Amino acid sequence: MKIMTRCLCAVSLLVFLAGCTASQRVVQVRSTGMTDETAVIQHAINSCPKGGVVELTRGTYISGSLYLKSDMTLKIDHGATIKGTENDGEYPIINTRIGGLEMPHPAALINAIDCQHTCITGEGTIDGSGKKWWDYFWKMRQQYGRGIDFKVLRPRLVCFTRCQDSSISKLTLQNPPFWTLHLLYSNHIRVDGLTIRAPRKAPSSDGIDVDSSNDISIAHCDIACDDDNISVKAGRDADGLRVNKPSENITIRDCHFGAGGGVAMGSETAGGIRHVLVDHCTFDGSGAAVRIKSMPGCGGVVEDITYQNITAKNVRSPIEINLTWGGDDWKKSVDPKFAARVPAALGTPHVRNIHILNLSATDCPTAGIIYGLPNSPISDVQFVNVHISSDRGLGISHTDNLNFNGLTIQTKIGPAIVLHSTSKK
């Protein structure tokens, strides 16, 4: 039964009583193809009753930043697309965290801030119209180098900030100007059944970034992008040590990863990353499968990480555990006041208690690397039933207590294990 009809900005907004209870009311939005439908969608969100649903029906909705609220569901139907406007002014500058540092930065296209019981679902699409920002980024990079990476202001696609007991599922997320799905300072978030796509040379197009967040479940996702498929982060350098919030208790199950960097811990590690399980996942054409990365200055401890039941094919390096990732270039991109506050010992990252079980990798150029630091060897890496066929072997540097008993590497060129410095067995 239709109980209200309203026309706003040439978009019809209907409220239906679904079933018998007010808590099930649906605010339905129908697009008529106007060039900016931000206001009507935001009005629908603001009008949505507690426990209600804002449903976007078939059509394309051009929009700037939208802000969800607690106890609601945003449902994007099959055939419906929220397409980000290319107008930078429609993405207000807010206080957030980018690249491991808290800073002002544009809001995402879809934002949930300080929300609980907020859901985004449906069989539709969220498209960030990213090409404008990708082209501008590469122009600035060519002119100024890596130091501009996070100074080129690009909106994320979807961001949950300080949210609880919320979820995002079923949708296609594509063409982000920057990161695709950012989970920041949030707890008990479920991510299920997403398809995430960004083309080659779409810079910083991470699929999912779990950033100083806890109790996160990611399952049944299909991700191909031009950066890490999934990255677990916890801040970096002095600012990350100041915030000091870990990412922990994270499960990633039954996912498929194509182009991209694999499932990474880091490189932002200051607050600590621990108790992460990557289980029953496949990698095809990814940069890596098992990926842990940090560098001097980032700080933090990465520990109790398990990759198990992994199938990898045509992956550049199935194992990539590296505490020298990025070198000095990353440090130069940081405001000097941050770097100056990091005592050498506090800024040293540590990696320990890594478990790699039941992994099969074939057709790989190299088995990968395990590179620690002279003052922070990578310790206690366990291999069980791990089989790799690759052109070249596994490089080892600055490690302690690596158990190779369960590791088999078949190489076309050179030895299976290449020691680059003294490491303890």
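These numbers were taken from a predicted model, which means no experiment stands behind them.

Cut-off values and rules
Residues numbered from 1 in each chain as written. Predicted model: local features only at pLDDT ≥ 70, side-chain atom pairs only at ≥ 80, totals over all residues. Heavy atoms only, no water. Helix = DSSP H or I, 4+ residues; strand = E, 2+ residues; numbered from the N terminus. Buried < 20%, exposed > 50% of the residue type's maximum accessible area, 1.4 Å probe, protein only. Contact = heavy atoms within 4.5 Å. Areas by Shrake-Rupley, 256 points an atom, 1.4 Å probe, with all protein chains shown as cover. Disulfide = S-S within 2.5 Å. Expected span 1.5 Å × (residues − 1). Core = buried A, V, L, I, M, F, W, Y, C linked by side-chain atoms within 4.5 Å. Polar contact = N/O pair within 3.5 Å; in protein donor to acceptor, adjacent residues only side chain to side chain. Salt bridge = Lys/Arg side-chain N within 4 Å of Asp/Glu carboxyl O. pLDDT = per-residue confidence, 0-100. Phe/Tyr/Trp six-rings, centres within 6.5 Å; stacked < 30°, edge-to-face > 60°. Pairing = 2+ DSSP bridges.

(A) How the structure looks around the overall build of the chain. Of the regular secondary structure elements, the chain holds 5 helices and 35 strands. Relative to its full complement of 425 residues, the chain shows a buried share of 56%. Across the chain, contacts joining residues at least 24 apart in sequence account for 72% of those joining residues at least 6 apart. Accessible surface for the chain amounts to roughly 16,500 Å². Of this, 51% is attributable to carbon and sulfur atoms.

(B) Quick look at the state of the cysteines. Under the criterion given, the structure shown has 0 disulfides. The thiol sulfur of C221 is not disulfide-bonded, and the nearest other cysteine sulfur, from C255, lies at 4.6 Å.

(C) Just helix α2 (residues 131-144), in detail. The terminal C-alpha atoms of α2 lie 20 Å apart, and with 14 residues this matches the ideal 20 Å at 1.5 Å per residue to within 8%. Positive backbone phi, approximately 85 degrees, marks G145, located one or two places after α2.

(D) Molecular detail of the nonpolar core. Within the largest apolar cluster, 93 residues are counted, with the highest numbers of intra-cluster contacts made by V54, I168, L181, V191, I218, I252 and M265. It is strand β31 (residues 350-371) that contributes the most residues to this core, 8 residues altogether. Setting aside its immediate chain neighbours within four residues, L181 contacts V158, F160, I168, L173, V191, L194, G207, I208 and D209.

(E) Quick look at the side chain of S231. Along the chain, S231 falls in strand β23 (residues 230-233). Judged by its relative accessible area of 0%, S231 falls in the buried class. Polar side-chain contacts of S231 include one of 3.4 Å to the side chain of K233. When neighbours within four sequence positions are excluded, S231 is seen to be in contact with D206, I208, D209, V210, A264 and G266.

(F) The arrangement of the pattern of salt bridges in detail. Within the structure shown, the criterion is met by 21 salt bridges. One salt bridge in this structure joins D211 and R97, with 2.7 Å as the shortest N-O distance. Residue D211 is found in strand β20 (residues 208-211), and its partner R97 is found in strand β9 (residues 93-98); the two are separated by 114 residues along the sequence. The buried category is assigned to D211, whose relative accessible area is 0%. Overall, the relative accessible area of 0% leaves R97 in the buried class. A salt bridge links D228 to K293, with the shortest nitrogen-to-oxygen separation between them at 2.8 Å. Of the two residues, D228 is situated in the loop between β22 (222-224) and β23 and K293 in strand β28 (residues 288-293); the sequence distance between them amounts to 65 residues. For the pair shown, D228 and K293 are each scored as buried. One salt-bridge network, in which partners are shared between bridges, spans D228, R291, K293, R316 and E320.

(G) Summary view of the confidence of the model for the chain. Averaged over every residue, the pLDDT of the chain is 90; residues scoring 70 or more account for 89%. Considering only residues more than four positions removed or in separate chains, one finds that residues 1-12, a stretch of pLDDT under 50, has 30 contacts. The low-confidence segment residues 15-23, where pLDDT is below 50, has 21 contacts with residues more than four positions distant or belonging to other chains.

(H) Seen up close, the environment of I120. Assignment of secondary structure puts I120 in strand β12 (residues 118-121). On a C-alpha basis, the gap between I120 and K75 in space is 6.0 Å, while along the polypeptide they are 45 residues apart.

(I) Region of the structure containing the packing of aromatic side chains. One pass over the structure, following the stated rule, counts 5 aromatic pairs. Between the aromatic rings of F178 and W179, the centroid separation amounts to 4.9 Å while the plane-to-plane angle is 15 degrees, which identifies the pairing as stacked. Considered together, F178 and W179 belong to a single accessibility category, that of buried residues.

(J) Representation of unusual backbone geometry. A cis geometry characterises the amide bond from G266 onward to S267, with omega recorded as 10 degrees. In this fold, S267 is placed in the loop between β26 (263-265) and β27 (273-284). Positive phi, normally seen in glycine, also occurs at H275, with a value near 60 degrees. One can find H275 in strand β27.

(K) Highlighting the pairing of β23. Neither face of β23 is open: one carries I230 and V232, the other S231 and K233, and all of them are buried. Taken together, the 4 bridges between β20 and β23 define a ladder with parallel strand orientation. Residue pairing in the sheet places D211 in a bridge with K233 of β23. Looking at chain direction, β23 and β26 are connected through 3 bridges and run parallel. By the bridge assignment, V232 is partnered in β26 with M265.

(L) Representation of the side chain of H105 in the model. Mapping H105 onto the fold places it in strand β10 (residues 101-106). For H105, a relative accessible area of 1% translates into the label buried. A polar atom in the side chain of H105 sits 2.9 Å from the backbone oxygen of R154.

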